[in-house]
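A structural walkthrough
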Amino acid sequence: MANLTQLKMLEDLDGFLLVDKPAGIAFSSVVKTVKRKFNLVKVGHGGSLDAMASGLFVLLIGDANKFVGDVMGSDRSYAGTMKLGLRTNTHDVYGAPVGAPAEAVALPSPEKLAAALPEFRGDIFQTESRWCSVRKEGSAEYEVAETGEHKPFMAHVYRLTTAATDDPTEVAFETKGSKGLLVKTLVNDLGDALGCGACLKTLRRTQVGKFSVADAVPFDRLLETEMRDFAALVLPLSKALA
């Protein structure tokens, strides 16, 4: 049990907590768990992360919330895999298939894939799907929810590269983009350009601005952390903003 000195220290704590979120957990659950476990007064975040995605999730503690705009506006980097030959209504593997069955679709050659990539670098317009995959607390399954029609918006892709995998229907990729870039929509639109369709299978966020997942604390480790040891995991404002 925490003593009064520890509780006071955490109450006055300000800084950034870099969390390595596992796939399958809603980002809101991470926020609630950290706030409750360590008796924190104010906990925000620097950008949501889909339940299906893993990787860097930036928590803002105390006065760090004053800099939410800086973190939210930062560029982001991702690594993941896409499934070729499959279109879904959510743009990821948890949605309902759309169009021809995957086995009836011809997969693109590596040369055709490489030739299509330049069109998805630089300024691009995206339209988010009206359907999304959600995982409710206490459920092991993903559900499809309707979010309505979305307006097109422009994002910037600084980098998009691909690599072959052992499975000919799957392609590994890395990308870096501006705030708001929808990676699963990027994958869907690339699949449309290839003529075979594609959807997102796995996604891991590796960078948000100057913060790297290499410096993040695995969520499982946070669950095992004693209250007296928590402050040492928080990046002070002076260091994070230097």
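Computed from a predicted model, the values in this text were never measured in an experiment.

Some words on the pattern of salt bridges
Taken as a whole and assessed by the stated rule, the structure comprises ten salt bridges. Of the charged contacts in the structure, one is a salt bridge between Glu149 and Arg130, with a shortest N-O distance of 2.6 Å. On the criterion of sequence distance, the pair formed by Glu149 in the loop between strand S9 (143–146) and strand S10 (153–164) and Arg130 in the loop between strand S7 (122–126) and strand S8 (131–134) is long-range, its members being 19 residues apart. Since its relative accessible area comes to 63%, Glu149 is described here as exposed. Overall, Arg130 belongs to the partly exposed group, its relative accessible area being 29%. Lys201 serves as the salt-bridge partner of Glu170, at 2.5 Å between the closest nitrogen and oxygen. Taken together, the residues span a long stretch of sequence, with Glu170 in strand S11 (residues 170–177) and Lys201 in strand S12 (residues 198–208) at a distance of 31 residues. What makes Glu170 buried here is its relative accessible area of 13%.

So, the packing of aromatic side chains
Each aromatic ring pair is described using two quantities: the centre-to-centre distance and the angle formed by the ring planes. Per the stated rule, a full pass over the model turns up four aromatic pairs. Seen from the ring of Tyr158, Lys176 lies directly overhead, with NZ or CZ sitting 5.6 Å from the centre.

So, how was this worked out
- Residues numbered from 1 in each chain as written.
- Predicted model: local features only at pLDDT ≥ 70, side-chain atom pairs only at ≥ 80, totals over all residues.
- Heavy atoms only, no water.
- Salt bridge = Lys/Arg side-chain N within 4 Å of Asp/Glu carboxyl O.
- Helix = DSSP H or I, 4+ residues; strand = E, 2+ residues; numbered from the N terminus.
- Buried < 20%, exposed > 50% of the residue type's maximum accessible area, 1.4 Å probe, protein only.
- Phe/Tyr/Trp six-rings, centres within 6.5 Å; stacked < 30°, edge-to-face > 60°.
- Lys NZ or Arg CZ within 6 Å of the ring centre and 35° of its normal.

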